[in-house]
Amino acid sequence: MNVRRLIPAAALAGAVALGATALTACSGAGAGTGEDGKLDVMSSFYPMQFLAEQIGKDHVKVDTLTKPGVEPHDLEITPKQTGQLGESDVVLYLKGLQPAVDKAVAQSGVKHVVDAAKLTKLEVHGSSGHDHAHEGEEGHTAGEEGHAHGEAGEDPHVWLDPVKYAEVAKGVGAALEKADPDHAADYRKNTDELLGKLTALDTEFKDGLKDTASKTFITTHSAFGYLAERYGLDQEGVSGVDPESEPSPARMKELQAVAKKDNVSTVFFETLASDKTAKTLATDTGLKTDVLDPLEGITDKSQGADYFEVMRSNLKNLQKALGSK
């Protein structure tokens, strides 16, 4: 069982200072704006886009490099996107998640670059949720069959933990204030509103998952390590952090044993990747399948129109699968 981590208040408060560090700028002057007077913000993928839209609102024009329906891990940057990136006032991305984006950002020459990975502490999570006590030990990677992320194989999926996503939001708000000081008060107000909503979501998850028949869930995409730790659950990933990688026969056998031992009822899959592996495992073990969305993009198949709606759908699906009392 994972032990829930308590993030010190000082760490959350320090996100504002981190936001200033994560924002690369040549001077204290505000960024230039487009012809419509708005700040042009380029986001790497949906969770970053959502923060920019929620905090910037009417003062920003937000675009994203990862279009709806595209699996973010596999993104390739087009020449047109490279040009758009270089013309942006602010770039918001999460280093370590998308190698193509990391390279493009490094070569873009944009003055105001916000790396969300610097706004909260990244951790290493394994495919199995039963080994979190060994986090940080040599050899503990982000999943044997999945590819590692970040400089030390850290898990980048921080947005699936509302508390860590709030830390990122604080830093993004501070960065936009610095990039566009004329509207700093509005950015601060919008950030506070978003933090309130994320706090409420955190409470919903804590209350909704505190009393369940099982604490273990199986998912084809090991994206939920932060969420599992936050709410005292065990994530069993089929094949690591790469949703398209194939699990080994040995891993499938392990998961069959876990399902039986931990009273698992459901194998979760995501909307942006194939459900073939989930269905195979479910058939072999007599389990059901359902969606647990890592929220890397919103499409017509998503169980909600935005971050909050999809997260609440995830909560309901987890409650059903885990036997919420």
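Each remark here, short or long, concerns the structure printed above.
Computed from a predicted structure; not experimentally measured. (Residues numbered from 1 in each chain as written. Predicted model: local features only at pLDDT ≥ 70, side-chain atom pairs only at ≥ 80, totals over all residues. Heavy atoms only, no water.)

A. Expanded view of the overall build of the protein chain. Secondary structure assignment for the protein chain yields 11 helices and nine strands. A total of 325 residues make up the protein chain; the buried ones form 57% of that total. If you sum the accessible surface of the protein chain, you get close to 13,800 Å²; carbon and sulfur atoms cover 51% of it. (Helix = DSSP H or I, 4+ residues; strand = E, 2+ residues; numbered from the N terminus. Buried < 20%, exposed > 50% of the residue type's maximum accessible area, 1.4 Å probe, protein only. Areas by Shrake-Rupley, 256 points an atom, 1.4 Å probe, with all protein chains shown as cover.)

B. Seen up close, the sheet that holds strand β8 (residues 266–269). One open sheet accounts for four strands, arranged β7-β6-β8-β9; its pairing is parallel. Each having just a single partner strand, β7 (234–237) and β9 (288–291) make up the two edges of the open sheet. For this sheet, the mean inter-axis angle between neighbouring strands, taken without regard to orientation, is 35°. Sheet topology note: the β8/β9 ladder contains four bridges and is parallel. (Pairing = 2+ DSSP bridges. Axes fitted to C-alpha atoms, helices over the stretch in contact; angles between N-to-C directions.)

C. Seen up close, the nonpolar core. Ranked by size, the top nonpolar core spans 57 residues in total, and within it Trp159, Phe217, Leu295 and Tyr307 carry the most contacts. Within the residue set of this core, elements represented by two or more residues are β2 (39–43), α3 (46–56), β4 (90–93), α6 (162–179), α7 (184–209), α8 (225–230) and α11 (307–322). In this view, tryptophan 159 contacts Phe45, Pro47, Leu94, Leu97, Tyr165, Pro294, Leu295, Glu296 and Tyr307; residues no more than four positions away in its chain are not counted. The next biggest cluster of nonpolar side chains, apart from the first, holds 13 residues, and it includes Ile218, Val238, Phe269 and Leu287. (Core = buried A, V, L, I, M, F, W, Y, C linked by side-chain atoms within 4.5 Å. Contact = heavy atoms within 4.5 Å.)

D. Summary view of the environment of tyrosine 187. Looking at the element boundaries, tyrosine 187 is found in helix α7. The exposure class assigned to tyrosine 187 is buried, which follows from its relative accessible area of 0%. Taking the C-alpha atoms as reference points, tyrosine 187 and glutamine 54, separated by 133 residues in sequence, lie 9.2 Å from one another.

E. Highlighting the packing of α3 against α6. Between α3 and α6, the least distance of the axes is 10 Å, while the angle of their chain directions is 55°. In terms of their interaxial angle, α3 and α6 are classed as oblique. Judged by the twist between their axes, the crossing of α3 over α6 is right-handed. Contacts between α3 and α6 involve Pro47, Phe50, Leu51, Ile55 and Gly56 from the former and Tyr165, Val168, Ala169, Val172, Gly173 and Leu176 from the latter. Of the residues contributing to the contact of α3 with α6, the split by class is nine nonpolar, two polar and no charged. (Parallel < 35°, antiparallel > 145°, perpendicular 65-115°, else oblique. Left-handed = near helix turned anticlockwise from the far one by under 90°. Nonpolar A, V, L, I, M, F, W, Y, C, P; charged D, E, K, R; others polar.)

F. Spotlight on the packing of α6 against α7. α7 packs onto α6 with a crossing angle of 180° between their chain directions and a minimal axis gap of 9 Å. Our classification of the angle between α6 and α7 gives roughly antiparallel. Contacts between α6 and α7 involve Pro162, Val163, Tyr165, Ala166, Ala169, Lys170, Gly173, Leu176 and Glu177 from the first element and Ala184, Tyr187, Arg188, Thr191, Leu194, Leu195, Leu198, Leu201 and Asp202 from the second.

G. Examining unusual backbone geometry more closely. The residue asparagine 263 is not glycine, and still its phi comes out positive at about 60°. Its location among the elements puts asparagine 263 in the loop between α9 (249–261) and β8. What makes asparagine 263 exposed here is its relative accessible area of 52%. Phi is positive for leucine 295, which is not a glycine, with a value near 55°. Structurally, leucine 295 is set in the loop between β9 and α11. Classification of leucine 295 as buried rests on a relative accessible area of 0%.

H. Spotlight on the environment of threonine 277. With respect to the secondary-structure elements, threonine 277 resides in helix α10 (residues 276–285). A relative accessible area of 16% means that threonine 277 is categorised as buried. Separated by 39 residues in the primary sequence, threonine 277 and valine 238 have C-alpha atoms spaced 8.2 Å apart.

I. How the structure looks around the pattern of salt bridges. Tallied over the entire structure, the rule returns 12 salt bridges. Between aspartate 275 and lysine 279 there is a salt bridge; the shortest N-O distance is 3.2 Å. Its relative accessible area of 22% is what places aspartate 275 among the partly exposed residues. Three or more residues are tied together by salt bridges with common partners; here these are Lys57, Lys189 and Glu193. (Salt bridge = Lys/Arg side-chain N within 4 Å of Asp/Glu carboxyl O.)

J. Local environment of the pairing of strand β3 (residues 60–64). In the sheet, β2 pairs with β3 via five bridges, with the strands oriented parallel. Bridge pairing links valine 41 to valine 62 in β3. Tracing the backbone out of β2, into α3 and back to the parallel element β3 gives a crossover that is right-handed. (Right-handed = clockwise from strand over helix to strand, strands pointing away.)

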